[in-house]
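Structure at a glance
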Amino acid sequence: MSLLTIILNILLPPLAVFLVHGIGTEFLISLLLTLVGWLPGVIYAFYVNS
């Protein structure tokens, strides 16, 4: 995991997931979790991108 991915995981979780996996199920789940609450989105982004 690069430094850019780590920073994006913290600041913009859906963007980080999009850059690694593209538009798909992972991106939509990340977007939904980020809209519900920022912390669940960050946790999911770290989980998916690790």
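Residues numbered from 1 in each chain as written. Predicted model: local features only at pLDDT ≥ 70, side-chain atom pairs only at ≥ 80, totals over all residues. Heavy atoms only, no water.

1. What to know about the overall build of the protein
Where we set the bar: Strands here are runs of E lasting at least two residues and helices are runs of H or I lasting at least four, both read from the DSSP assignment and numbered beginning at the N terminus. Only the C-alpha atoms count toward the radius of gyration. The rule for a globule is 2.2 Å times the residue count to the power 0.38. Note on classification: 1.4 Å probe, protein chains only; a residue is buried when its accessible area is under 20% of the maximum for its type, exposed when over 50%, partly exposed between these limits. Throughout, the Shrake-Rupley method with a 1.4 Å probe supplies accessible areas, and for residues the shown protein chains are the sole cover considered.
A tally of regular secondary structure across the protein gives 4 helices and 0 strands. Ordered by position from the N terminus, the helices and strands of the protein form the series α-α-α-α. A compact globule built from 50 residues should have a C-alpha radius of gyration of about 10 Å, and the protein, at 9 Å, falls within 12% of that. Projected onto the principal axes, the alpha-carbon positions of the protein cover approximately 25 × 20 × 15 Å. Residue burial in the protein is summarised as follows: out of 50 residues, 32% are buried. As displayed, the protein has an accessible area near 3,200 Å², and 79% of this comes from carbon and sulfur atoms.

2. Brief notes about the packing of helix H2 (residues 13-21) against helix H4 (residues 38-49)
What counts is decided by this rule: The angle between two axes is taken between their N-to-C directions and runs from 0 to 180 degrees, where each axis is a line fitted to C-alpha atoms and a helix contributes only its stretch in contact. Angle categories are assigned with fixed cut-offs, so that under 35 degrees is roughly parallel, over 145 is roughly antiparallel, 65 to 115 is roughly perpendicular, and the rest are oblique. A clockwise turn of the near helix away from the far one marks a right-handed crossing, whereas an anticlockwise turn of less than a right angle marks a left-handed crossing. We call two residues in contact whenever any of their non-hydrogen atoms come within 4.5 Å of each other. Classification convention: Asp, Glu, Lys, Arg as charged; Ala, Val, Leu, Ile, Met, Phe, Trp, Tyr, Cys, Pro as nonpolar; all other residues, Gly among them, as polar.
Axis separation between H2 and H4 bottoms out at 9 Å; the angle between their running directions is 20°. Here H2 is positioned roughly parallel relative to H4, judged by the angle of their axes. Of the two possible hands of crossing, H2 and H4 adopt the one that is left-handed. Contacts between H2 and H4 involve Pro13, Ala16, Val17, Val20 and His21 from the former and Trp38, Gly41, Val42, Ala45, Val48 and Asn49 from the latter. Across the contact of H2 with H4, the residue classes tally to 8 nonpolar, 3 polar and no charged.

3. Description of H2
Rule in force here: In this context, the arc is that of the directions from the helix axis out to the C-beta atoms.
Residues of H2 that are buried include every one of Pro13, Pro14, Ala16 and Val17, and no others. The buried residues of H2 occupy an angular sector of 160° when the element is viewed end-on, so they sit on one face. Two residues or fewer past H2, Gly22 is found with a positive phi of approximately 80°.

4. Details of the side chain of Ser30
Following the sequence through the fold, Ser30 ends up in helix H3 (residues 25-36). On the basis of relative accessible area, Ser30 is assigned to the buried category, the value being 0%. Those residues in contact with Ser30, other than ones at most four positions away along the chain, are Pro13, Pro14, Val17, Gly41 and Tyr44.

Treat this as a map of the structure, not an account of what it does.
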